[in-house]
Structure formats: C-alpha cells, structure tokens
Amino acid sequence: MQNLCVLGATGSIGKSTLDVVRRHPDRFNIVALTANRQIDELVKQAVEFKPDYVVCANPDDYSLLASGLAEEGLSAKVLVGQDGLITVASLPEVDTVMAAIVGAAGLAPTYAAACAGKKILLANKEALVMSGDLFMQAVMKHKALLLPVDSEHNAIFQCLPASFCEHRDWSQLGIAKILLTGSGGPFLKTPMAELQHVTPEQACAHPNWDMGRKISVDSATMMNKGLEFIEAHWLFGVPKELIQVVIHPQSTIHSMVQYQDGSVLAQMGQSDMRIPIAHVMAFPERIDSGVAPLDFTTLASLEFLPPDFERFPNLKLAIDAVEAGQWASTALNAANEISVAAFLDGRITFLDIARINNEVLEKSASHVLSNIDEVVAYDLQSRELANRVLEGL
Ligand code: NAD
Ligand code: MG
C-alpha cells in the first residue's frame, strides 16, 4: 500500500490523480488532500477518500472546511496555510507526494517533500523552474525520488534507460538530443494580427489537452514549452544545447530521445494526463490508467515543425533565461504568473504577456540565489516589478 499526499487535489492534475487512485484501492491510500479555495470539492473528495488530513491554503476558509467535514461525519485533521501544506508534504506516514499545486505557491511544500526524502511526482514545474539546482541538490542530499508527471518529461524519462534513475548522469547514456515536443497551442496558425485581440476563453481552449487556466494560457503563448525547457534542463541535468523544441500539433508523441547511434525513442499515447500520472504512481510497475489505447488505424498524419520565436517570444525568453542564470528563470516565472493572471482578469491583452515578461527580465539584475529563502524573496521582488511594469503599460 502506497500512502499518498495530493497537493492541489481539486485541480486538473489532482482530479486525474484521484481517478487513478479510485481504480486501484488495493494499491493507494490517501493520507492528505489539499486545495486553495474549492472547499466544496475538497469536502466531496474527503468523503470519498477518507484522508487523515485536509488542508486549505487560505486560513479564512478554516471554519467552512471544518464544518463541511463535520457535517459529513469526518474526523480528518484540518490544517491551513503554507505551514499546513508543508506539514502534510513531510509527514512520516506519507510515502509519495503528488506536487500538483499551480505556480510558485507549490515551491515550499514540494521542497519540503524533497527535504523529507519522499517519492515526489512533479507536476508543479514552476517550483523547479524557480529553484533549479537548489531543488535538485535537496533531492540528492535527502535521497528523494523525483519522477516527472509533465507529459513531455514523463515521455523523456520513459525513453531513458532504467539506470538513469540511480546515477542521473546523462553523459553516460549516449544521448545526442532531447526532443521536447509541443503542440503549439490554439494559436499556432492564427494570423499574427489577430493575436492582439484573442480572449482568455480562446486562449484556454487548447486543441488537445484539458488543463487548468494558467497552464492553458502558458500553452497558448508557448511559455509552457519554455518552462518545460528549463524543467528538462534541471530534471535530466542536460545542457541547453542538447534540448530541442519541436512543434508537433497532434500531441500523439509526447517527446523523444535521440541517441548517438541515430536511434530515436518516442513515447506515444492519448492526450490524457492519467497516463503519465499512473506511470509515476506505479513506477517501476505498470497499472491501468483508465485511458483507452491509441488506435493507429484512425490516426491522421503526424506533423513536425520548428518553433517560430517571432510568434512565441516567451519561448525564446525562457531558453535565454537558462543561459543567463537561475535569477533569470525565477524572475521570468514570477513575471509570467503576474502577466497571465492579469490577462485572465481581462486587464491586459494576450501580446502584453510577453511584453511584461520581457521588460521584467530587462529590468532585473543578475543576482546569486544561494538558498530557498533567497529564491522566495527574489520571486516576490520580481512580482512587484512585474506589477509596476503592468501599471505603466
Ligand atoms: P489547476 O488550476 O487545475 O489546479 C491547481 C491546484 O492548486 C488546485 O487544487 C488549487 O486549489 C491549488 N492551488 C492554487 N493556488 C494555490 C495556492 N496559492 N496555495 C495552495 N494551493 C493552490 O492547475 P493544473 O492544471 O492541475 O496544474 C497544476 C500543475 O501541474 C501546474 O504547475 C501545471 O503547470 C502542471 N501541469 C498540469 C498539466 C495539466 O494537464 N493540467 C500538465 C502538465 C503539468
Ligand atoms: Mg507538458
């Protein structure tokens, strides 16, 4: 029996995780569930999965959550705030932490899980983008097992030899290239002149994947691929020259590894996050994810194209941030969270997202980040700068 803590249980990844758990009650036991604001959904999940702990990020929701659980006759402990998230991510009885909070809010509990030596199923890419080497050092020092949920990184991981997990040394593996695929999102072929006027609803209507609103906008600007580029750099320890972004509009191939002998290994499947989630949950075994297999007789052609940095300036900003250093990735991630939230609120246009991100990077100075507290402080400082840039637009 694997004891699970699901951070961000009410989100898109959280719900898919619970769907896999539901199919395998003999394998997984839920110890803790957490959410930000969706208290009704959280109580409903608690009724079904009977966790020992339930956490809401917002302390103001304590009474609502506590009374909701009491009405259902549940005696789970209720914790609140970042401290509550950190507590459940490091409980001794928890084996595995699903890190599925969106954005920088996930850093502290995910880092705590690393320091507690947990098996971490990483969906919250922003946490790794913000903290890079510091996060990986904590994973290594505390012998945590870090497994990628992000479909591309999960695909790459599946295409690497099993020995990668033990030594994490890509240079011994004969890798020529990591081919990071991305669909190009809903605006891959939209005339450039129309991008100025696209709405949050259009941006969130991803052609292949059903996801939370922040990552949907990131997919539309291709900042998501940029964050994934940084994520791949840290997760697999490969230099940026070895990572190549390839546009593949059908999302049938979820990413590939090209070896020095010319072989290319690809992982394929339906665009359903339950596949990578089930993979990391059962790793190194395989279990049913509830997803239908690919039917090759009905697949249309598979297309591949190079990325267009003029259409997707955010992608270029992220790739360049790897070169500039950790401070640049941290600043870019912070700016992007502010600009995407402003776009979703209808305060700025779609094209303003990249403008703000770019200006924040231009106005940020190189800065050494030597521990997580410094990362958090620099993230806050970059958010303030992004808000000032936004107000000046
Ligand atoms: P979502 O918006 O659907 O869910 C986010 C979850 O985080 C919710 O449970 C929410 O309550 C919680 N949350 C939000 N703000 C919080 C805060 N301040 N403190 C504590 N909890 C908070 O997002 P999602 O689409 O499930 O994405 C989650 C993460 O997984 C993101 O980092 C995303 O990039 C990554 N990811 C998602 C997908 C996908 O298909 N949805 C694919 C790959 C990676
Ligand atoms: Mg992805």
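Before going into details, it helps to say that this report is about the structure given with it. The structure presented is a predicted model; accordingly, all values stated were derived computationally and were not measured. (Residues numbered from 1 in each chain as written. Chains lettered and ligands numbered in written order. Predicted model: local features only at pLDDT ≥ 70, side-chain atom pairs only at ≥ 80, totals over all residues. Heavy atoms only, no water.)

**Let's talk about unusual backbone geometry**
Condition: The way it works is that DSSP assigns letters per residue, a run of H or I at least four long becomes a helix, a run of E at least two long becomes a strand, and they are numbered from the N terminus.
A cis geometry characterises the amide bond from Phe 283 onward to Pro 284, with omega recorded as 5°. Checked against the element boundaries, Pro 284 lands in the loop between α12 (274-282) and α13 (313-324). A positive phi angle, close to 45°, is found at Lys 50, a residue other than glycine. In this fold, Lys 50 is placed in the loop between α2 (39-49) and β3 (53-56).

**Description of the nonpolar core**
For the record, the criterion: In these notes, a set of buried Ala, Val, Leu, Ile, Met, Phe, Trp, Tyr and Cys residues joined through side-chain atoms within 4.5 Å is what counts as a nonpolar core. Only protein chains enter the accessibility calculation, which uses a 1.4 Å probe. A residue is then buried if its area is under 20% of the maximum for its type, exposed if over 50%, and partly exposed in between. Domain start and stop positions are those given by an automatic or database domain assignment. Throughout, a contact is declared for two residues whenever any of their heavy atoms are within 4.5 Å.
In terms of nonpolar packing, the biggest core is built from 109 residues, with Leu 65, Leu 160 and Phe 236 touching the most fellow members. The element best represented in this core is helix α6 (residues 125-141), accounting for 8 residues. Mapping this core onto the domain boundaries places at least three of its residues in each of domain 1 (2-148) and domain 2 (159-271 + 292-391). Non-local contacts of Leu 160, meaning those with residues more than four positions away in its chain, are made with Leu 173, Ile 175, Phe 236, Val 257 and Tyr 259.

**Re the site of ligand 1**
Put simply, the rule reads: Put simply, a residue is near a molecule or strand once any heavy atom of it comes within 4 Å of that molecule or strand. Under the rule applied, a polar contact is a pair of N or O atoms within 3.5 Å (in protein, one hydrogen donor and one hydrogen acceptor; residues adjacent in sequence only if both atoms are side-chain atoms). Each accessible area is a Shrake-Rupley estimate made with a 1.4 Å probe; only the visible protein chains count as cover when residues are assessed. All residues other than Ala, Val, Leu, Ile, Met, Phe, Trp, Tyr, Cys, Pro, Asp, Glu, Lys and Arg, Gly among them, are scored as polar; the first ten of these are nonpolar and the last four charged.
Taken together, 24 residues sit near ligand 1, with Thr 10, Ser 12, Asn 36, Glu 126 and Gly 212 positioned nearest. At 3.3 Å from an oxygen atom of ligand 1 is found a main-chain nitrogen or oxygen belonging to Gly 8. In this structure, an oxygen atom belonging to ligand 1 sits 2.8 Å away from a main-chain N or O atom of Asn 36. Surface burial for ligand 1 is 87%, taken as the share of its 820 Å² of free accessible area covered by protein chains. Of all elements in the fold, only α1 (12-23) and α6 reach the threshold of two or more residues within the shell around ligand 1. Tallied by class, the residues present in the shell around ligand 1 amount to 13 nonpolar, 8 polar and 3 charged. The two domains that each donate at least three residues to the shell around ligand 1 are domain 1 (2-148) and domain 2 (159-271 + 292-391).

**Regarding the packing of α1 against α2**
When two helices pack together, their arrangement is given by the angle between their axes and by how far apart the axes lie. Quick reminder of the rule: Angles shown run from 0 to 180 degrees and are taken between the N-to-C directions of axes, each axis being a line fitted to C-alpha atoms and, for helices, limited to the stretch in contact. Any angle from 65 to 115 degrees is called roughly perpendicular, while one under 35 is roughly parallel, one over 145 is roughly antiparallel, and all others are oblique. With the far helix as reference, a near helix turned anticlockwise by less than a right angle produces a left-handed crossing, and one turned clockwise produces a right-handed crossing.
Where α1 contacts α2, the axes come no closer than 12 Å and their chain directions differ by 15°. As judged from the angle between their axes, α1 and α2 are roughly parallel. The handedness of the crossing between α1 and α2 is left-handed. Touching Lys 15, Leu 18, Val 21 and Arg 22 of α1 are Glu 41, Gln 45, Glu 48 and Phe 49, all from α2.

**Regarding the coordination of the magnesium ion (ligand 2)**
Stated formally: Water is absent from the atoms considered, so a metal site may look incomplete; donors are defined as N, O and S atoms within 2.8 Å of the metal, or 3.2 Å for Na, K and Ca.
For the magnesium ion (ligand 2), the full set of protein donor atoms is Asp 150 (OD), Glu 152 (OE) and Glu 228 (OE), and the range of their distances to it is 2.1 to 2.2 Å. Mapping the donors of the magnesium ion (ligand 2) onto the primary sequence yields the spacing D-x1-E-x75-E. In terms of burial, Asp 150 and Glu 152 fall into one category: buried.

**Considerations on the environment of Ala 105**
Of note, Ala 105 is situated in the loop between β5 (96-99) and α5 (107-115). Spatially, the C-alpha atoms of Ala 105 and Leu 265 are 35 Å apart, while their sequence positions differ by 160 residues.

**A look at the packing of aromatic side chains**
So the rule is basically this: Two rings belonging to Phe, Tyr or Trp (six-membered ring only in the last case) form a pair when the distance between their centres is within 6.5 Å. Interplanar angles under 30 degrees mark stacking, angles over 60 mark edge-to-face geometry, and anything in between is tilted.
This model, assessed by the stated rule, comprises 5 aromatic pairs. Geometrically, the ring pair formed by Phe 164 and Phe 236 is tilted, given 5.9 Å between the ring centres and 50° between the ring planes. Separated by 72 residues along the polypeptide, Phe 164 in helix α8 (residues 164-167) and Phe 236 in the loop between α11 (223-235) and β9 (243-247) bring together distant segments of the chain. Overall, Phe 164 belongs to the buried group, its relative accessible area being 1%. Of the residues examined, Phe 236 reaches a relative accessible area of 2% and is grouped as buried. Judged by centre distance (5.7 Å) and plane angle (65°), the ring pair of Phe 343 and Phe 350 falls under edge-to-face. With respect to class, Phe 343 is no different from Phe 350; both count as buried. By way of ring pairs, the aromatic residues Phe 187, Phe 343 and Phe 350 are connected into one cluster.

**Quick word on α5**
For α5, the set of buried residues is Leu 107, Pro 109, Thr 110, Ala 112, Ala 113 and Ala 114. Tucked inside the fold, the buried residues of α5 contact β1 (2-7), α4 (81-89), β5, β6 (119-122), α6 and α16 (372-391). Positioned one or two residues after α5, Gly 117 has a phi angle of 70°, which is positive.

**Some points on the side chain of Asn 3**
By the secondary structure assignment, Asn 3 is in strand β1. Within polar-contact distance, the side chain of Asn 3 engages the backbone oxygen of Glu 93 at 3.3 Å.

**What about the state of the cysteines?**
The condition is simple: Disulfide assignment relies on a single distance test, namely cysteine sulfur atoms paired within 2.5 Å.
Under the criterion given, the structure shown has 0 disulfides. Distance from the sulfur of Cys 115, which forms no disulfide, to the nearest cysteine sulfur (Cys 5) is 15 Å.

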